[in-house]
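Listed below are the residues making up each chain.
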Amino acid sequence: MSDGRARSGKATAKKMTQEQLKERAMKGVEARKAKAELPKVSYKGELRIGDIIMPCYVLDDETRVLSGRGLQDALALVDDAPHAQKAGSRLPRLFNNQSLKPFLFNGLALDHYKPIECYDGSTKINGYNAELLADICDAVLEARKEGAINTPRMKIIADQCELLSRAFMRVGITALVDEATGYQAVREKHDLAKIFEAFVAKELQPWVKTFPDSYYKELFRLYELPEPKAGDMSKPQFFGKVTNKVIYKKLAPEVLEELKKEAKKEGKKGSRLHQHLTPTLGHPKLREIIGMVVGIAKFSENREQFFERVDLTLPDYDENYVLDLNS
């Protein structure tokens, strides 16, 4: 809470009677209890469908959730109304569309499209069950088939639903065949092999200065450590673990472990992990992430805030899934 809000709260409390204070305290207890009972995010990532990026979550009760804003973008629910900027505000209007309602709620309960409130740490998320995206697409396409889609905006939404449905079918049938044949586990290994080939060099690359002085300067500040004197290149050993966490783990799935294996295999004293990255993709990607992390560090007041912001801006890639509409 900011100092201004804290002072305002104290000033208000001074004007309240004992009964009012007690009532406010009870409301606070009830609010915290209600928050504690809401589902929590266990895993999070981004679902990519063509050019659309949807934040997605798996809750502690295993419910798969898409963010309200991401769902709106996927369905091309766009207009210029001021209130349309609020996350999830356009979805209720779609659900209340009179020409579409008979198809959306055909045999379904009235609360079928009810949003889900959950928490990712202290951040409240308003999302929707991920399966609703397929339900909406089916309803819109059925409405178009029956001639109930008759406005330019709804025609755009219907075209988008057709693209999404085709993507679902491609991915769905592939996943079913992989599961039925046992290829699912093998596929994951093949995918990682392609990533390693793109990121990890087959030969040790020449050493070039990759991490700028500003990166280490910010780490010294965040850990409240005195900076070394000019010309002194020594750094705390744990800075390496920090770098693995905020830099190398953000490159691609499991690349950090593969780099460590290559460094151990090479066995050359003084070699650095970045010397095992490919010059065409691995090293440029590393420098890009370093630049982003330095920027985040400069605007972070402490290391806890720094780590939180890094994870928010650069989520681990193992939680991202891609659907290609153009395949």
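Everything that follows concerns the structure shown earlier in this document.
Draft legend 1. Representation of the environment of Asn-126. Its place among the elements puts Asn-126 in strand 5 (residues 123-129). On the basis of relative accessibility, which here comes to 45%, the residue Asn-126 falls in the partly exposed class. Spatially, the C-alpha atoms of Asn-126 and Pro-115 are 6.5 Å apart, while their sequence positions differ by 11 residues. In this structure Asn-126 touches Ser-67, Gly-68, Ile-116 and Glu-117, once residues within four positions along its chain are discounted.

Draft legend 2. Structural detail: the layout of surface pockets. Within this model, the second largest pocket holds a volume of roughly 990 Å³. What lines the second largest pocket is a set of 31 residues, and nearest its centre among them are Phe-211, Tyr-216, Met-233, Lys-235 and Arg-272. Taken together, the elements giving at least two residues each to the lining of the second largest pocket come down to helix 9 (213-222), helix 10 (239-246) and helix 11 (255-266). Split into classes, the residues belonging to the lining of the second largest pocket amount to 13 nonpolar, 9 polar and 9 charged.

Draft legend 3. Just the side chain of His-283, in detail. Tracing the backbone through its elements, the reader meets His-283 in helix 12 (residues 282-298). Not counting residues up to four positions away in its chain, the partners in contact with His-283 are Val-208, Thr-210, His-274, Leu-277 and Thr-278.

Draft legend 4. Broad picture of the state of the cysteines. According to the stated counting rule, one finds 0 disulfides in the structure shown. The structure places no disulfide on Cys-161, whose sulfur is separated from the nearest cysteine sulfur, that of Cys-137, by 3.9 Å. Classification of Cys-161 as buried rests on a relative accessible area of 0%.

Draft legend 5. Structural detail: the side chain of Ser-165. Within the element layout of this structure, Ser-165 appears in helix 7 (residues 152-181). Take Ser-165: its relative accessible area is 13%, and that puts it in the buried class. Contact partners of Ser-165, with chain neighbours within four places excluded, come to Cys-137 and Leu-141.

Draft legend 6. Main features of the packing of aromatic side chains. Following the criterion strictly, the structure yields 12 aromatic pairs and no others. Relative to Tyr-248, the ring of Phe-211 has its centre 6.3 Å away and its plane inclined at 50°; by these criteria the two rings are tilted. Of this pair, Phe-211 sits in the loop between helix 8 (183-199) and helix 9 while Tyr-248 sits in the loop between helix 10 and helix 11, placing them 37 residues apart in sequence. Overall, the relative accessible area of 4% leaves Tyr-248 in the buried class.

Draft legend 7. Inspection of a positive patch on the surface at higher detail. A contiguous patch of positive charge on the surface is contributed by Lys-241, Lys-245, Lys-249 and Lys-260. Structurally, Lys-249 can be placed in the loop between helix 10 and helix 11.

Draft legend 8. Representation of the nonpolar core in the model. Tyr-215, Val-246, Ile-247, Tyr-248, Leu-251 and Phe-306 are the most contacted members of the largest nonpolar core, which has 34 residues in total. Only helix 8, helix 9, helix 10, helix 11, helix 12 and helix 13 (303-313) provide two or more residues apiece to this core. Here this core takes 7 residues from helix 12, the largest share from any one element. When neighbours within four sequence positions are excluded, Tyr-215 is seen to be in contact with Val-242, Thr-243, Val-246, Ile-247, Val-293 and Val-294.

Calculation rules
Residues numbered from 1 in each chain as written. Predicted model: local features only at pLDDT ≥ 70, side-chain atom pairs only at ≥ 80, totals over all residues. Heavy atoms only, no water. Helix = DSSP H or I, 4+ residues; strand = E, 2+ residues; numbered from the N terminus. Buried < 20%, exposed > 50% of the residue type's maximum accessible area, 1.4 Å probe, protein only. Contact = heavy atoms within 4.5 Å. 1 Å grid on protein atoms, 1.4 Å probe; cavity = no way out; pocket = protein on both sides within 12 Å on 5 of 7 lines; lining within 4 Å. Points joined across faces, edges and corners; volume = space filled by probe spheres on them. Nonpolar A, V, L, I, M, F, W, Y, C, P; charged D, E, K, R; others polar. Disulfide = S-S within 2.5 Å. Phe/Tyr/Trp six-rings, centres within 6.5 Å; stacked < 30°, edge-to-face > 60°. Patch = residues over 30% accessible without salt bridge, like charges linked within 9 Å, V, L, I, M, F, W, Y side chains within 5 Å. Areas by Shrake-Rupley, 256 points an atom, 1.4 Å probe, with all protein chains shown as cover. Salt bridge = Lys/Arg side-chain N within 4 Å of Asp/Glu carboxyl O. Lys, Arg positive; Asp, Glu negative; His and termini not counted. Charge placed at Lys NZ, Arg CZ, Asp CG, Glu CD. Core = buried A, V, L, I, M, F, W, Y, C linked by side-chain atoms within 4.5 Å.

Note that every value here comes from positions in space, so none of it alone points to a role or purpose.
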